[in-house]
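Coordinates in review
Chain by chain, the residues run as shown.
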Amino acid sequence: MAMDHSNNKMMDLIWAQAEKSMAIYHDPSHDLNHVHRVHRMAMKIGLQERTHHPEIDMGLVEISSILHDVLDHKYADGSELDHSWLISLLRDQCQYARYNDVLTIITHVSFSKQSKTGLSNEEFFSQPHILPLRHELAIVKDADMLDAIGAIGIARCFMFGGKRNRDVADSLN
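Residues numbered from 1 in each chain as written. Predicted model: local features only at pLDDT ≥ 70, side-chain atom pairs only at ≥ 80, totals over all residues. Heavy atoms only, no water.

Some thoughts on the overall build of the protein chain
Along its length, the protein chain carries ten helices and zero strands. Ordered by position from the N terminus, the helices and strands of the protein chain form the series α-α-α-α-α-α-α-α-α-α. By residue count, 43% of the 173 residues in the protein chain fall in the buried class. Sequence-distant contacts in the protein chain: of pairs separated by 6 or more residues, those separated by 24 or more amount to 70%. Approximately 9,400 Å² of the protein chain is accessible, and the part contributed by carbon and sulfur atoms is 55%. (Helix = DSSP H or I, 4+ residues; strand = E, 2+ residues; numbered from the N terminus. Buried < 20%, exposed > 50% of the residue type's maximum accessible area, 1.4 Å probe, protein only. Contact = heavy atoms within 4.5 Å. Areas by Shrake-Rupley, 256 points an atom, 1.4 Å probe, with all protein chains shown as cover.)

Listed below in structure tokens is the structure:
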């Protein structure tokens, strides 16, 4: 099911939640600017990939890219297992039928969480709960990783380290 992009109220609610979540983190490496960059890149990648894989749901890519860090484990306070507020937002307030797919994508975007599984990319994307979403998840993961390289990535690395009171050497490790 592709998203109706004319539903401005739904997108306003989703952006408002992303803004609220990023403000709670008080971390300039994971702020709303990061979300905007990941969102823009995910949409560019998604549109390009859709020429080869027309089944890609760009609405799912869009929503997942905007919300990709709202459940970030680095900022969890123990309540990260309670996703009820996100389900309420997507299912009840936005009436978005693929809310469980969004949840699957945003809880599997993290590079560090994937690394801890010990799975190769092929094995990771072949897991039964991920396989149907492999394209959309890969697009959001790639967009997020692209924001972690280059000058922006280096700046974000130091901002994250500074937020955690790490010295330069620790930030580079």
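Some points on unusual backbone geometry
In this structure, Gln-95 takes a positive phi of about 55° despite not being glycine. If you trace the backbone, Gln-95 turns up in the loop between helix H4 (84-93) and helix H5 (99-106).

Section: the pattern of salt bridges
According to the stated counting rule, one finds four salt bridges in the structure shown. Taking the shortest distance from any N to any O, the salt bridge between Asp-101 and Arg-98 comes out at 2.7 Å. One network of salt bridges, with partners in common, ties together Asp-57, Arg-98 and Asp-101. (Salt bridge = Lys/Arg side-chain N within 4 Å of Asp/Glu carboxyl O.)

Regarding the confidence of the model for the protein chain
Confidence along the protein chain averages 82 in pLDDT terms, with 76% of residues attaining 70 or more. Least confident of the elements in the protein chain is helix H10 (residues 168-172), whose mean pLDDT is 55; most confident is helix H3 (residues 58-66), at 96. (pLDDT = per-residue confidence, 0-100.)

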